[in-house]
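Each chain, written out:
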Number of protein chains: 2
Amino acid sequence: MSSQIRDQTKPERGRPRGFEEKTVLDGLTDTFWRKGFADASLDDLSQATGAARASLYKFYGDKADLLVVALDHYAERFDLRVQAAIAENETAREALHQVLRASAERLTDTAAPPGCLRCRTTLEMSQVDPRIDAAIARANHAFTLNMARLLAMDADLAEPPRPLAQHAAFLTAIVNGMVVSAAAGTDRATLYAIVDTTIGAITTA
Amino acid sequence: MSSQIRDQTKPERGRPRGFEEKTVLDGLTDTFWRKGFADASLDDLSQATGAARASLYKFYGDKADLLVVALDHYAERFDLRVQAAIAENETAREALHQVLRASAERLTDTAAPPGCLRCRTTLEMSQVDPRIDAAIARANHAFTLNMARLLAMDADLAEPPRPLAQHAAFLTAIVNGMVVSAAAGTDRATLYAIVDTTIGAITTA
DNA sequence: CTATTTGTGAACTCAGCAATACATAAATCG
DNA sequence: CGATTTATGTATTGCTGAGTTCACAAATAG
């Protein structure tokens, strides 16, 4: 099933592993993010993770399983960013501003992988493999839930149940769209303007 | 360079073609749309277009050229829909509503190919081939230009030069985002609500 | 009818890749 | 040390696909 990572507090029998789990997770995520599922070969993944091909199969499963691991890891990292924004800001507007502007910045950072693993995988891999479909659903559901958590910081934005869910869906859509627009060449200033329009639409509506 | 389609008004020498150009364009578009570049084989494309593999190479070029043809055709079809919306409506708000709701409907129509060829190709194929990059840029630029044309129907939405360009970019982003959201499972009613929020944001800001 | 032009179908080449099998390396245990 | 356990590196298998080649099909021109 899921990766079988043994307890490493005490020394164990057998040959020790030549990879670290964090490196594997980051390597899988980065490689699928940059290349997509079809163009990421197992050699690419092995090199990026520092784990031998045989080890990837043994501990994580086949290529589809590796994508699932990467997507889950990617979504988890976003969870942490949202949790930080909630902790660091007083209002929903401020926290949203921080998260959306950070996305705009990353999407126009030439050093970062372009686009978004979640969006790319959603468009590219829906209806291909049930395991991947489940991971896509998890990642997108978690994203919208994070948007809802940000909105829920302010009581006046969180009139349950309708408006909050609708606003969360709207925010999800605009971030998804900024991903595509950025990949199409939209510059950072324009993305900032989109963020401002978006937050204005949420907080006045 | 571009496809060399001979004049067919008069009978010509040689064996006649076994395919029609419109069928080729629609077949290429539909196949790349459903399968993406990597997973659409030349056998798939040949079958969908009714043109032999050798004919595809002879008249259109290699696989990347075929994707360019499909993307251009896809963008052109959207141009026509926008032109129709402009002709059939009095105000920008009404025309936008028609175009965006039609997108929401198509994105949740199980009979239609899921997603959007332009968005998928933008995320999937950027920085792979210069010919494809050029076609991606054309398609996305044309899309935003169409949004600007819709906005320009009302003088009060078209205060040049800043707001119109920014609003067009915002509209482009929200449609791009609806594509991803729909692929992730967002239902039609929610997409409609996103459309309403979007048009509200444009016309009050 | 013969030559010429043009499009087609099928076979071939060459490469890349996912997945597996298995021998070997590297550690601990007794 | 010798046995055992665990991870790795490599070779192999089997498949798929892009792009090309070429003989043949199907039309017209003279």
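Before going into details, it helps to say that this report is about the structure given with it. (Residues numbered from 1 in each chain as written. Chains lettered and ligands numbered in written order. Predicted model: local features only at pLDDT ≥ 70, side-chain atom pairs only at ≥ 80, totals over all residues.)

### Quick look at the protein's contact with DNA strand D
All names here are of chain A. Gly14, Arg15, Gly18, Ala52 and Ser55 are the nearest of the 25 residues found near DNA strand D. Take the surface near DNA strand D: its biggest share by element is four residues, from helix H3 (residues 53–59). Per-class residue counts for the surface near DNA strand D are nine nonpolar, five polar and eleven charged. (Near = placed C-beta within 6 Å. Helix = DSSP H or I, 4+ residues; strand = E, 2+ residues; numbered from the N terminus. Nonpolar A, V, L, I, M, F, W, Y, C, P; charged D, E, K, R; others polar.)

### Structural notes on the environment of Thr29(B)
Residues and elements named next belong to chain B. Looking at the secondary structure, you find Thr29 in helix H1 (residues 21–39). Judged by the 24 C-beta atoms lying within 10 Å of it, Thr29 falls in the buried class. With 40 residues separating them along the chain, Thr29 and Val69 place their C-alpha atoms 8.1 Å apart. Those residues within four positions of Thr29 in sequence are excluded, and the remaining contacts are Ala70, His73, Tyr74 and Leu117. (Buried ≥ 20, exposed ≤ 12 C-beta atoms within 10 Å, placed from the backbone. Contact = placed C-beta atoms within 7 Å.)

### Structural notes on the interface of chain B and chain A
Listed as interface residues are 37 residues of chain B and, on the opposing side, 37 residues of chain A. Those elements that place two or more of their residues in the side of chain B that touches chain A are H1, helix H6 (117–125), helix H7 (130–151), helix H8 (162–183) and helix H9 (188–204) of chain B. Residue composition of the side of chain B that touches chain A, grouped by class: 19 nonpolar, 15 polar and three charged.

### Let's talk about the relation of the copies chain B and chain A
Placing chain B over chain A gives an RMSD of 0.0 Å and needs a rotation angle of 180°, together with 0.0 Å of translation along the axis. When the rotation and shift are considered jointly, the pair of chain copies conforms to a two-fold rotation axis. Among all residues of chain B, the one whose C-alpha sits closest to the rotation axis is Gly177(B), at a distance of 1.7 Å. Most of the interface of chain B is mirrored in chain A, where 100% of its interface residues again form contacts. (Least-squares fit on C-alpha atoms with pLDDT ≥ 70 in both.)

### Some details on the protein's contact with DNA strand C
In the vicinity of DNA strand C lie 26 residues, with Gly14(B), Arg15(B), Gly18(B), Ala52(B) and Ser55(B) positioned nearest. Of all the secondary structure elements, the ones that give two or more residues to the surface near DNA strand C are helix H2 (42–49) and H3 of chain A together with helix H3 (53–59) of chain B. Considering each element in turn, the surface near DNA strand C owes the most residues, four residues, to H3(B). The residue makeup of the surface near DNA strand C, split by class, is nine nonpolar, five polar and twelve charged.

### Side note on unusual backbone geometry
Positive phi is not limited to glycine here, since Gln127(A) has a value of about 65°. Note that Gln127(A) resides in the loop between helix H6 (117–125) and helix H7 (130–151).

### Quick word on the packing of H1(B) against H6(B)
Residue and element names in this part refer to chain B. It is at 10 Å that the axes of H1 and H6 come closest, and there the two elements cross at 45°. Between H1 and H6, the crossing angle belongs to the class labelled oblique. As for how H1 packs across H6, the hand of that crossing is left-handed. The residues of H6 that touch H1, namely those facing Thr29, Phe32, Trp33, Gly36 and Phe37, are Leu117, Arg120, Glu124 and Met125. Residue composition of the contact of H1 with H6, by class: five nonpolar, two polar and two charged. (Axes fitted to C-alpha atoms, helices over the stretch in contact; angles between N-to-C directions. Parallel < 35°, antiparallel > 145°, perpendicular 65-115°, else oblique. Left-handed = near helix turned anticlockwise from the far one by under 90°.)

### Some thoughts on the environment of Arg81(A)
All names here are of chain A. Assignment of secondary structure puts Arg81 in helix H4 (residues 63–88). Judged by the 15 C-beta atoms lying within 10 Å of it, Arg81 is partly exposed. In contact with Arg81, not counting residues within four places along its chain, are Val99 and Ala102.

### Brief notes about H7(B)
Residue and element names in this part refer to chain B. In this model, H7 (22 residues) spans 32 Å end to end at C-alpha, consistent with the 32 Å of a helix rising 1.5 Å per residue. Of the positions making up H7, those classed as buried are Ile132, Ala135, Ile136, Ala139, Asn140, Phe143, Thr144, Asn146, Met147, Leu150 and Leu151. The buried residues of H7 occupy an angular sector of 165° when the element is viewed end-on, so they sit on one face. In H7, the exposed residues that point more than 90 degrees away from the buried face are Pro130 and Ala134. Where H7 is buried, its residues contact helix H4 (63–88), helix H5 (92–107), H6 and H8. (Expected span 1.5 Å × (residues − 1). Arc of directions from axis to C-beta.)

### Quick word on the packing of H4(A) against H7(A)
Residues and elements named next belong to chain A. Relative to each other, H4 and H7 sit at 5°, their axes nearing to 9 Å. Comparing their axes, H7 and H4 come out roughly parallel. Of the residues assigned to the contact of H4 with H7, the class counts are 17 nonpolar, one polar and six charged.

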